[in-house]
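Listed below are the residues making up each chain.
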Amino acid sequence: MATTHNLGFPRIGARRELKHALESFWQGSLTEKELRTEGASLRRRNWAIQAGLDLAPIGDFSFYDQVLDMSVTLGNIPERAGLAEVSDLDRYFRVARGRSANDDDGCAIHAGEMTKWFDTNYHYIVPEFHSDTGFSLNSERLMEQIQEAREQGLTPKPVLIGPVTYLWLGKSKDSSTDKLSLLDRLLPVYAALLDRIAAAGVEWVQVDEPVLVTDLDADWRHALNLAYHDLKTCTPKLLVTTYFGDLRENLQLACELPVAGLHLDAISAPEEVARVVDWLPPHKTLSLGIIDGRNIWRTDLNRTLDWLEQVHDRLGDRLWLAPSCSLLHVPVDVDIEHKLDADIKSWLAFAVQKLDELDILARALNTGRASVHRQLTENARLIRSRQVSGRAHSPAVTDALSNLDGHTGARQAPYRERIDAQRRQTVLPAYPTTTIGSFPQTEEIRLARQQFRTGNLTEAAYVARIREEIAYCVNQQEELGLDVLVHGEPERNDMVEYFGEQLNGYAFSQFGWVQSYGSRCVKPPILFGDISRPKAMTVDWIRYAQSLTERPLKGMLTGPVTMLNWSFVRDDQPRKDTALQLALAIRGEVLDLEKAGVKIIQIDEAALREGLPLRQADRASYLDWAVNAFRVAANGVRDETQIHTHMCYSEFNDIIEAIARMDADVITIETSRSDMELLDAFRGFEYPNELGPGVYDIHSPNIPKKQEMVALMQKAAERIPSTRLWVNPDCGLKTRRWEEVVPALRAMVQAARELRQAIQ
Ligand SMILES: CN1c2c(nc(N)[nH]c2=O)NC[C@@H]1CNc1ccc(C(=O)N[C@@H](CCC(=O)N[C@@H](CCC(=O)N[C@@H](CCC(=O)O)C(=O)O)C(=O)O)C(=O)O)cc1
Ligand SMILES: N[C@@H](CCS)C(=O)O
Ligand SMILES: [Zn+2]
């Protein structure tokens, strides 16, 4: 009998119940008890959905982030969060979100650093390590949830982040600390935790070690061996899970770890299944991730069974079935979508449907295909309907792509020549100030959009409301004295979804939310077919904003690679082909903006770095097509038109040469939290164009001080000539309030003025 289980379920709730509860709690309109009750109710509902599984995940639910939860379990919470004087939950949120100086006692606490979870759009709170970091067990949360799940009649399988991945995800806060040196201190706490779990009568524990799909040096590989040899005396059976990629040179290591089972992501690594089946010692369980946990297309069940049956024949009871990774990365339930086109909806499977698929596959293996004949026939019909549908294909798009040549992505003149034309066209002071695009997305703006969507506000009234917001935003920027203004993006629900809604080839859901960080969610649009742009998407808003000011106004677009990486994309053609289609559509918009007199155009590529393959060996080819897509989108303009791009959450050292190839005139990037160290990459490489290193962290409610920003820019000027530096925040301001934005930008403008005086 093949066993079914799941690596994790989306915790935000089908209607984002967790988001609403968290935000009410933070505003003070929900008590801690009420928040905990809502959490328990969500867990109950999620487990009810998973009741058909042989083993249900426990501990995947989190009030903010599963990595932060693991830090709490291991007693590794930064001291600044306070010890005795606050409740556990308050301390937890202090690390997650920081605390502004305006709260209660006037003491600001900076939030834990947030970064990308592997190559996904989920962000985790980075564990912090020091040379004296100690660990201590805090198993209450897991023990309670094991009990809750039992009461619901489930067989619990606790989910832990494995010790080696936990260290790998964290950051040493003092340069002397080698993270791996902490393993000796960490392992006894894992052992104690496993003992407690065993005492609760749990048989299997899932231990996530996705580091196994990355390039590991000998020390990290040794750490994996050491850790699992150390833990092998613990009673529960350990299922080491890997996901998001293939194992390659770590395959043998993974197979030979002294644990009871291994989970392989058979969606990312189909070619490794046979090798793992061969290598895995005969006493071990193999869990195969056979349903895509990161995309939303229905699985071809018949085709899956064609190869899976042979594996089942070989492994019998040793075979477990699961989605490829946690379902955290997909929305909850496609059945609640009532506005999706019926054909497209029938091609999709969200978390609930993925578990149904898993059940059908298990039944087909355990009791024969005939026992699920109806479901398999229906699945075959729907898979075929997608394959033969003409809706994904547009001959006009194929034609447009065939007209691309080597010149399409090239600017007319090199940067050193075109910068003169740009400076003649738009005269700016040294250290020009600008922002990244969005200004506060207030409740009122979202309400207006909701009323428009539900027919309670006419289009004319909605447009008037957004124009009013743009006018306010432009006026504020003029008063603050910023040099290059933006319209503030009030018309956008999201920087990707907004464009997805306007392009042919995209569909979008009503409730397809996926957690991005904490209570913040995104609704990735569904890219199902060839992409084209029926009409201009941003020109009217930007033209209106420009009409309100004499100062230069920056047009604002999302780039093709970010559109690709933050959408659910079609799986019937290579991603690079889809990127090129997106690039052509965005190129059309860039040229329309230029035609409308816009002299500066920013094309955000916030997710370019995120899409970088986890393995070094795969990176060059990704960067080639990703940079090419950006160039096709951006570089059709005249020399005088200045192209900006923006990237956030980026480590640039390893991709600096690719960034230079994008040939944007100006790049604005996140750097403030790294104390400008990120700019070392730009110095070493002698980055030729202009750069706006973010001078303050927009994720924090703290108002930056002028002197701090001056100091950061001085550090930047040690690496990049000051004549090529811009002054701007790290990222967009949509999550902040106007009361925070105005003083922060005022201080930033003053900082720029001080810097200018120093070079006169
Ligand atoms: C820069 N970032 C982005 C990432 N990915 C993206 N796709 N987009 C990004 O901007 N990844 C990295 C970072 C992550 N950062 C953030 C920051 C902020 C958010 C965020 O605030 N998300 C909002 C949802 C935004 C949205 O779509 N709003 C809609 C309203 C949707 C809604 O609430 N609908 C209601 C019904 C009606 C209503 O009340 O309006 C409902 O469905 O119940 C809009 O503006 O129209 C959030 O609320 O979490 C995300 C990532
Ligand atoms: N223009 C976008 C970029 C975010 S990465 C914004 O300002 O929100
Ligand atoms: Zn950004």
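Residues numbered from 1 in each chain as written. Chains lettered and ligands numbered in written order. Predicted model: local features only at pLDDT ≥ 70, side-chain atom pairs only at ≥ 80, totals over all residues. Heavy atoms only, no water.

You'll find the chain entered in an unreviewed UniProt entry as 5-methyltetrahydropteroyltriglutamate--homocysteine methyltransferase, with Marinobacter albus given as the organism. What the UniProt record of the chain gives under Catalytic activity (unreviewed entry) is the line "5-methyltetrahydropteroyltri-L-glutamate + L-homocysteine = tetrahydropteroyltri-L-glutamate + L-methionine". (UniProt positions renumbered as here; feature names shortened; annotations may be inferred.)

**Here's the deal with the site of ligand 1**
If you check the shell around ligand 1, you find 24 residues, and the closest are R16, K19, R449, D494 and K734. Within the backbone of N493, a nitrogen or oxygen atom sits 3.4 Å from an oxygen atom of ligand 1. Take C521: an N or O atom from its main chain is 2.8 Å from an oxygen atom of ligand 1. In isolation ligand 1 offers 990 Å² of accessible surface; the protein chains occlude 86% of this area. Of all elements in the fold, only helix 17 (443–453), strand 14 (514–517) and strand 15 (520–522) reach the threshold of two or more residues within the shell around ligand 1. When residues in the shell around ligand 1 are grouped by element, the largest group, 4 residues, is from helix 17. (Near = heavy atom within 4 Å. Polar contact = N/O pair within 3.5 Å; in protein donor to acceptor, adjacent residues only side chain to side chain. Areas by Shrake-Rupley, 256 points an atom, 1.4 Å probe, with all protein chains shown as cover. Helix = DSSP H or I, 4+ residues; strand = E, 2+ residues; numbered from the N terminus.)

**Considering the sheet that holds strand 13 (residues 504–507)**
If you trace the 3 strands from one edge of the open sheet to the other, you get 13-16-18, paired in mixed fashion. Across the chains shown, the open sheet's two edge strands, defined by having one partner strand only, are strand 13 and strand 18 (568–569). Alignment of strand 16 (residues 526–532) against strand 18, held across 2 bridges, turns out to be parallel. From the neighbouring strand, L527 faces strand 18, where its bridge partner is V569. On top of the sheet, helix 22 (residues 575–595) reaches strand 13, strand 16 and strand 18; it is set at about 55° to strand 16, its chief contact. (Pairing = 2+ DSSP bridges. Contact = heavy atoms within 4.5 Å. Axes fitted to C-alpha atoms, helices over the stretch in contact; angles between N-to-C directions.)

**Section: the site of ligand 2**
Neighbouring ligand 2 are I436, G437, S438, E489, M495, M556, D604, A606, H646, C648, C731 and G732. Measuring from an oxygen atom of ligand 2, one finds a side-chain N or O atom of S438 at 2.7 Å. Note that a nitrogen atom of ligand 2 is positioned 2.8 Å from one of the side-chain N or O atoms of E489. Protein contact buries 97% of the 280 Å² of open area that ligand 2 shows by itself.

**Notes on the sheet that holds strand 10 (residues 261–265)**
On the basis of which strands lie adjacent, the open sheet formed by 8 strands has the order 1-12-11-10-9-8-6-2 and parallel pairing. Looking along the sheet, the strands with just one partner apiece sit at the ends: strand 1 (3–4) and strand 2 (56–58). By the bridge criterion, 3 bridges tie strand 9 (residues 237–241) to strand 10 in an arrangement that is parallel. Bridged to T241 within strand 10 is H263. The strands touched by helix 5 (residues 140–151) within the sheet are strand 2 and strand 6 (156–161), with strand 6 carrying the most contacts at an inclination of about 155°.

**A look at the coordination of the zinc ion (ligand 3)**
For the zinc ion (ligand 3), every protein donor is listed as H646 (NE2), C648 (SG) and C731 (SG), and the spread of their distances is 2.1 to 2.5 Å. What the 4 donor atoms of the zinc ion (ligand 3) show is an angle range of 93 to 124° at the metal, which sorts the shape as tetrahedral. Along the chain, the residues donating to the zinc ion (ligand 3) are arranged with the sequence spacing H-x1-C-x82-C. H646 gets classed as buried once you look at its relative accessible area, which sits at 2%. (Donors = N, O, S within 2.8 Å, 3.2 Å for Na, K, Ca; no water. Tetrahedral: all angles 85-135°; square planar, octahedral: opposite > 155°, others 65-115°. Buried < 20%, exposed > 50% of the residue type's maximum accessible area, 1.4 Å probe, protein only.)

**A few points about the pairing of strand 6**
In terms of burial, strand 6 is largely enclosed, as 6 of its 6 residues are buried. Alternating positions in strand 6 separate into two faces, P156, P158 and L160 on one and K157, V159 and I161 on the other, with burial throughout. Judged from the 3 bridges that link them, strand 2 and strand 6 form a sheet pairing that is parallel. Within the sheet, the bridge partner assigned to P57 lies in strand 6 and is K157. The pairing of strand 6 with strand 8 (residues 204–208) spans 3 bridges and is classified as parallel. In the strand pairing of strand 8, I161 is matched with D208.

**Let's talk about the packing of aromatic side chains**
Each pair of aromatic rings is reported with the distance of its centres and the angle of its planes. One pass over the structure, following the stated rule, counts 19 aromatic pairs. With 5.4 Å between their ring centres and 90° between their planes, W26 and F93 make a pair best called edge-to-face. Taken together, the residues span a long stretch of sequence, with W26 in helix 1 (residues 17–27) and F93 in helix 4 (residues 88–97) at a distance of 67 residues. Here F129 and Y166 contribute two aromatic rings whose centre-to-centre distance is 5.8 Å and whose plane-to-plane angle is 75°, an arrangement assigned as edge-to-face. Note that F129 is positioned in strand 5 (residues 128–129) and Y166 in helix 6 (residues 163–169), a separation of 37 residues in sequence. For the pair formed by F129 and Y166, the shared burial category is buried. Among the aromatic residues, those joined into a ring-pair cluster are W117, F118, Y124, W168, Y243 and F244. Lying across the ring of F511, R15 places its NZ or CZ 4.3 Å from the centre. Looking at R97, its charged tip hangs above the ring of W26, at a distance of 3.7 Å from the centre. (Phe/Tyr/Trp six-rings, centres within 6.5 Å; stacked < 30°, edge-to-face > 60°. Lys NZ or Arg CZ within 6 Å of the ring centre and 35° of its normal.)

**Notes on helix 11 (residues 301–315)**
Taking 1.5 Å of rise per residue, 15 residues should cover 21 Å, and helix 11 covers 20 Å from first to last C-alpha, within 8% of that figure. At W307, helix 11 shows its maximal kink, close to 35°. Within the span of helix 11, buried status applies to L301, N302, T304, L305, L308, V311, H312 and L315. Where helix 11 is buried, its residues meet helix 10 (273–279), strand 11 (285–291), strand 12 (319–323), helix 13 (351–367) and helix 14 (373–388). Immediately beyond the C-terminal end of helix 11, within one or two residues, lies G316, with a positive phi of roughly 55°. (Expected span 1.5 Å × (residues − 1). Bend = angle between axes of the 7 residues up to and from the residue.)

**Details of the UniProt feature "binding site: L-methionine" (unreviewed entry) in the chain**
UniProt tags I436, G437, S438, E489 and D604 as "binding site: L-methionine" (unreviewed entry). For the annotated residues, spread through 169 residues, the largest C-alpha to C-alpha distance comes to 12.8 Å, consistent with a single compact locus. Among the structural elements, I436 can be located in the loop between helix 16 (415–425) and helix 17. Residue classification places I436 among the buried residues on the basis of a relative accessible area of 4%. Not counting the four nearest positions on each side in its chain, I436 is found in contact with E489, M556, Q602, D604, H646, T668, N728, P729, D730, C731 and G732. Looking at the element boundaries, E489 is found in the loop between helix 18 (459–480) and helix 19 (497–500). Judged by its relative accessible area of 8%, E489 is buried. Contacts of E489, omitting those with residues within four sequence positions, involve I436, G437, S438, Q441 and M556. In terms of polar contacts, E489 uses its side chain to reach the backbone amide nitrogen of S438, at 3.3 Å.

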